[in-house]
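# Structure at a glance
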Amino acid sequence: MTGGLLGGLRLTIASWKSRMIEIKTPAQLDAMRAAGLVVASALAAVAEAAKAGVSTAELDELAEQTIRDAGAVPSFKGYHGFPASICASVNEQIVHGIPSRGQVLADGDLISVDCGAILDDWHGDSAVTLFVGSVTDAEQALSDATRDAMRAGIAAVTPGARLTDISHAIETSVHASERTHGRQYGIVREYGGHGIGSAMHMDPFLPNYGKPGKGPRLRVGMAIAIEPMLTLGVEETVELEDGWTVVTADGSRAAHWEHTVAVTDDGPWVLTAPE
Ligand code: MG
Ligand code: MG
């Protein structure tokens, strides 16, 4: 396993077969909601602080403090050796960026922040894309398209649906945004969403593209992290020599949005949404 596991799970679709998907009780989903709220508050604190002149290491410290103040534990820290509590991916970085003192945000930067927390043994996982100061129309459109794709994926989370109905909803939303925005987006294929609950990364792997009607059926009590990643250029990615940071192959900018979502009889429950 490489660092490719943190922000968007990297697995093969073959893993759908023969593996179990964890079913949570209502009380366990309540516990996941509590963990999700911790993640939401950490991301809110980071969003507030992400300004020109601030380093990504400072954002990381703020996230970790917010998580620990809530009595939770940052799930990223130490995960396969990852050294921080958030992934801070700036500009052409897509996911798994390592926070550092040397990376100081400047006006015009785009930063995707991914964060996870464990509270009472249950996990939450969420990511946002933020802008530092000024933002171009293209970057705003990119982030909007990514967030809209996430929301379309969330809306497909209903009992009885098949897993790739979510994938298809994400891809369909991206193409709708392309028509609306008059732009093309690269859908990052090598990383995707994942089951979540008593661990951060569980079965099933969720591609962010593809035909509907495949994969396991969604059942009440499942929880899935839905996390599309889009680029302003190509879909190909490159992992840097630090063994973590994933960048776009063409240097174009990327966006990443993620929520942890539970399957309930009442429809999708977004466990990491702010109150
Ligand atoms: Mg994440
Ligand atoms: Mg995730």
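Within any chain, residue numbers begin from 1 and follow the written order of that chain's sequence. Note on labels: chains are lettered from A, ligands numbered from 1, in written order. A pLDDT threshold of at least 70 governs which residues receive local features in this predicted model, and a stricter bar of 80 or more applies before side-chain atom pairs are shown or counted, although totals over entire chains, interfaces and linings include all residues. Only heavy atoms go into the side-chain values, all of them from the structure, while hydrogens and water stay out.

So, about the coordination of the magnesium ion (ligand 2). Any N, O or S atom lying within 2.8 Å of the metal counts as a donor, and for Na, K and Ca the limit rises to 3.2 Å; water is left out, so some sites can look incomplete. The protein atoms donating to the magnesium ion (ligand 2) are Asp125 (OD), His194 (NE2), Glu227 (OE) and Glu258 (OE), with metal-donor distances spanning 2.1 to 2.2 Å. Spacing between the donor residues of the magnesium ion (ligand 2) along their common chain follows D-x68-H-x32-E-x30-E. Between the two metals, the magnesium ion (ligand 2) and the magnesium ion (ligand 1), the spacing is 3.1 Å, and Asp125 donates to both. Taken together, the residues Glu227 in the loop between β9 (223-226) and β10 (229-231) and Glu258 in the loop between β13 (254-256) and β14 (259-264) connect sequence positions 31 residues apart. Summary of the burial criterion: residues with accessible area below 20% of their type's maximum are buried, those above 50% are exposed, and those between are partly exposed, where the area comes from a 1.4 Å probe applied to protein chains only. Among the residues examined, Glu227 registers a relative accessible area of 0% and is labelled buried. Look at Glu258 and you get buried, because its relative accessible area is 0%. Where helices and strands are cited, they refer to DSSP runs of H or I of at least four residues and of E of at least two residues respectively, numbered from the N terminus.

Attention now goes to the UniProt feature "domain: Peptidase M24" (unreviewed entry) in the protein chain. UniProt positions are given in the numbering used here, feature names are shortened, and annotations may be inferred rather than shown by experiment. According to UniProt, the feature "domain: Peptidase M24" (unreviewed entry) maps to residues 31-265 in the numbering used here. Along residues 31-265, the helical share is 30% and the strand share 26%, with 18 Å between the first and last C-alpha atoms.

This paragraph deals with the packing of aromatic side chains. Centre distance and the angle of the planes are the two values used to describe a pair of aromatic rings. Note on aromatic pairs: the rings of Phe, Tyr and Trp (six-membered ring only in Trp) are paired at centre separations within 6.5 Å, and the planes decide the class, stacked below 30 degrees, edge-to-face beyond 60, tilted for the rest. Per the counting criterion, the structure on display carries 1 aromatic pair. Ring geometry for Phe82 against Trp244: centres 4.9 Å apart, planes inclined by 80°, an arrangement best described as edge-to-face. Here Trp244 lies in the loop between β11 (237-239) and β12 (246-248) and Phe82 lies in the loop between β1 (73-74) and β2 (86-90), a separation of 162 residues in the sequence. Accessibility expressed as a relative area gives 1% for Phe82, which makes it buried. Put simply, a charge is over a ring when the Lys NZ or the Arg CZ is close to the ring centre, within 6 Å, and near the line of the ring normal, within 35 degrees. When the ring centre of Trp257 is taken as reference, the NZ or CZ atom of Arg147 above it lies at 4.8 Å. Taking NZ or CZ as reference, Arg189 lies 4.2 Å from the ring centre of Tyr209, over its face.

A few words on the side chain of Arg33. Position of Arg33 relative to the elements: it lies in helix α1 (residues 26-49). In protein, a polar contact means a hydrogen-donor-capable atom and an acceptor-capable atom, both N or O and within 3.5 Å, with residues adjacent in sequence counting only if both atoms are side-chain atoms; elsewhere, any N or O pair within 3.5 Å suffices. At 2.7 Å, the side chain of Arg33 forms a polar contact with the backbone oxygen of Ala273. With near-sequence residues (within four places) excluded, Arg33 lies in contact with Trp269, Val270, Leu271, Thr272, Ala273, Pro274 and Glu275. Residues are treated as being in contact if the distance between any of their heavy atoms lies within 4.5 Å.

Glancing now at the side chain of Asn91. Within the secondary structure layout, Asn91 lies in the loop between β2 and β3 (93-95). Residue classification places Asn91 among the buried positions, given a relative accessible area of 11%. Among the polar contacts listed, one links the side chain of Asn91 to the side chain of Asp109, at a separation of 3.0 Å. A distance of 3.3 Å separates the side chain of Asn91 from the side chain of Arg253, its partner in a polar contact. With sequence-adjacent residues up to four places away left out, Asn91 is seen in contact with Gly108, Asp109, Leu110, Ser252, Arg253 and Ala254.

This next bit is on the UniProt feature "binding site: a divalent metal cation 1" (unreviewed entry) in the protein chain. Using the residue numbers shown here, the UniProt feature "binding site: a divalent metal cation 1" (unreviewed entry) corresponds to Asp114, Asp125 and Glu258. These annotated residues cover 145 residues of sequence, but their C-alpha atoms sit close together, with the largest distance between any two at 7.9 Å. Filtering the just-named annotated residues for those lining the largest pocket gives Glu258. Tracing the backbone through its elements, the reader meets Asp125 in strand β5 (residues 122-131). At 3.0 Å, the side chain of Asp125 forms a polar contact with the side chain of His194. Space inside and on the surface of the protein is sampled on a 1 Å grid over the protein atoms alone, with a cavity defined as a set of points where a 1.4 Å probe fits but cannot get out and a pocket as an open set with protein on both sides within 12 Å along at least 5 of 7 lines; lining residues have an atom within 4 Å of a point.

Here the focus is the sheet that holds strand β6 (residues 186-187). The pairing of strands in a sheet happens through backbone hydrogen bonds and is either parallel or antiparallel. Within the open sheet, the 3 strands sit side by side as β6-β10-β13. Their pairing is antiparallel. Lying at the two open borders of the sheet, with one neighbouring strand each, are β6 and β13. Note on pairing: DSSP must find at least two bridges between two strands before they are called paired.

This paragraph deals with the layout of surface pockets. Grid points are joined across faces, edges and corners, and a volume is the space filled by probe spheres set on the points. In this structure, the largest pocket spans a volume of roughly 190 Å³. What lines the largest pocket is a set of 14 residues, among which Val128, Trp257, His259, Thr272 and Pro274 lie closest to the centre. For the lining of the largest pocket, the elements supplying multiple residues, two or more each, are α1, β5 and α3 (137-155). Class assignment for the residues of the lining of the largest pocket results in 8 nonpolar, 3 polar and 3 charged. When residues are grouped by polarity, Ala, Val, Leu, Ile, Met, Phe, Trp, Tyr, Cys and Pro land in nonpolar, Asp, Glu, Lys and Arg in charged, and all others, Gly among them, in polar.

Attention now goes to helix α2 (residues 56-69). The span expected for a helix works out to 1.5 Å for each residue beyond the first. In a regular helix each residue adds 1.5 Å, so 14 residues correspond to 20 Å; α2 covers 20 Å between its end C-alpha atoms and thus fits that length. Within α2 the residues assigned to the buried category are Thr56, Ala57, Leu59, Asp60, Ala63, Glu64, Thr66 and Ile67. Looking at the buried positions of α2, the neighbouring elements they touch are α1, β1, β2 and β4 (110-119). Looking at the residues trailing α2, positive phi occurs at Gly71, about 80°.

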